[in-house]
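# Structural features, examined
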Amino acid sequence: MPDLIYERPWLYPEQAAAIFAEARIAVIEASTKSGKSAGCRAWLFEQAALHGGPGQQFWWVAPTYGQAKDIGFDQMRAGLPISLYQGNQTDLTLTLPHGAIIAFKTGEKPDALYGRDVYAAVLDEATRMREEAWHAIRSTLTATRGPIRVIGNVHGRKNWAYRLARRAEAGEPGMHHAKLTAYHAVQSGILHADEVADAKRDIPE
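Residues numbered from 1 in each chain as written. Predicted model: local features only at pLDDT ≥ 70, side-chain atom pairs only at ≥ 80, totals over all residues. Heavy atoms only, no water.

### Here's the deal with the sheet that holds strand S8 (residues 175–180)
The strand order across the open sheet built from 8 strands is S3-S4-S5-S2-S6-S7-S1-S8, with neighbouring strands paired in mixed fashion. Here the strands that pair on one side only, and so sit at the sheet edges, are strand S3 (86–88) and S8. Direction aside, neighbouring strands of the sheet carry axes that sit 15° apart on average. With 6 bridges connecting them, strand S1 (residues 25–30) and S8 associate as parallel partners. What sits directly across from Ile-25, in S8, is Met-175. Across the face of the sheet, helix H4 (residues 131–140) comes into contact with S1, strand S2 (57–62), strand S6 (118–123) and strand S7 (148–152) while running at roughly 155° to S6. (Pairing = 2+ DSSP bridges. Helix = DSSP H or I, 4+ residues; strand = E, 2+ residues; numbered from the N terminus. Axes fitted to C-alpha atoms, helices over the stretch in contact; angles between N-to-C directions. Contact = heavy atoms within 4.5 Å.)

### Looking at the packing of aromatic side chains
Overall, the coordinates contain 3 aromatic pairs when judged by the stated rule. Geometrically, the ring pair formed by Phe-58 and Tyr-119 is tilted, given 6.1 Å between the ring centres and 40° between the ring planes. Of this pair, Phe-58 sits in strand S2 while Tyr-119 is found in strand S6, placing the two residues 61 residues apart along the sequence. Here Phe-58 falls in the buried class, since its relative accessible area comes to 2%. When the centroid spacing of 5.1 Å and the interplanar angle of 5° are considered together, the rings of Trp-134 and Trp-160 count as stacked. Here the residue Trp-134 occupies a position in helix H4, and Trp-160 occupies one in helix H5 (residues 160–169), the gap between them amounting to 26 residues. (Phe/Tyr/Trp six-rings, centres within 6.5 Å; stacked < 30°, edge-to-face > 60°. Buried < 20%, exposed > 50% of the residue type's maximum accessible area, 1.4 Å probe, protein only.)

### Things to note about helix H2 (residues 36–51)
The terminal C-alpha atoms of H2 lie 22 Å apart, and with 16 residues this matches the ideal 22 Å at 1.5 Å per residue to within 8%. The buried fraction of H2 amounts to 13 of the 16 residues, a majority that puts the element mostly inside the structure. (Expected span 1.5 Å × (residues − 1).)

### Brief notes about the pattern of salt bridges
All told, the structure shown has 9 salt bridges when counted by the stated rule. The partner of Asp-74 in a salt bridge is Arg-77, with the nearest N and O atoms 3.6 Å apart. One end of the pair, Asp-74, and the other, Arg-77, are both in helix H3 (residues 65–78), 3 residues apart, so they sit about a helical turn from each other. Between Arg-128 and Glu-125 there is a salt bridge, with its nearest N and O atoms 3.4 Å apart. For Glu-125, a relative accessible area of 13% puts it in the buried group. Three or more residues joined by partner-sharing salt bridges are found here, namely Glu-29, Arg-166 and Glu-169. (Salt bridge = Lys/Arg side-chain N within 4 Å of Asp/Glu carboxyl O.)

Read these as geometric descriptors, not functional statements.
In structure tokens form, the structure reads like this:
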């Protein structure tokens, strides 16, 4: 990759600590609009740009194609100088100058996720993703021992992501757990307190 000066986008302290933890597997339970997706886009870009090599793939996986495109591909592309990537809107990939590839995938068909070696991954809206997709993605990281960020809202207690979060929270080796709340976002200036109070009247806890 050409010599560049990289400056990480500003993240509030709790956001940075949750996402850029040293543990290989970090599980972040977060309220909506708390900055989990924005922070993980920065994390995944750094994994590809600073640690990736030609042809190595780094995945953003969301429950649906629309989420992978809108929250992952489109927003990461909008935040990068056009000189830093070649975009493929059909395959939803961003190829960086040194050949590393950031690919945006859907978990809708888990069998389609098997096979390739992946060097780092973000699982977005994990509590709304099928457990079979988690198994497939986890298998792609076995040979590379690539790091994983699992992010999402708390959405019931009977899903695989909730169970994984409890393992991380219990201090299982190689895992990190964090919570990001709307109040963290208010303190950092991302959200307004009156908007959170208004939403609290309309949206379940």
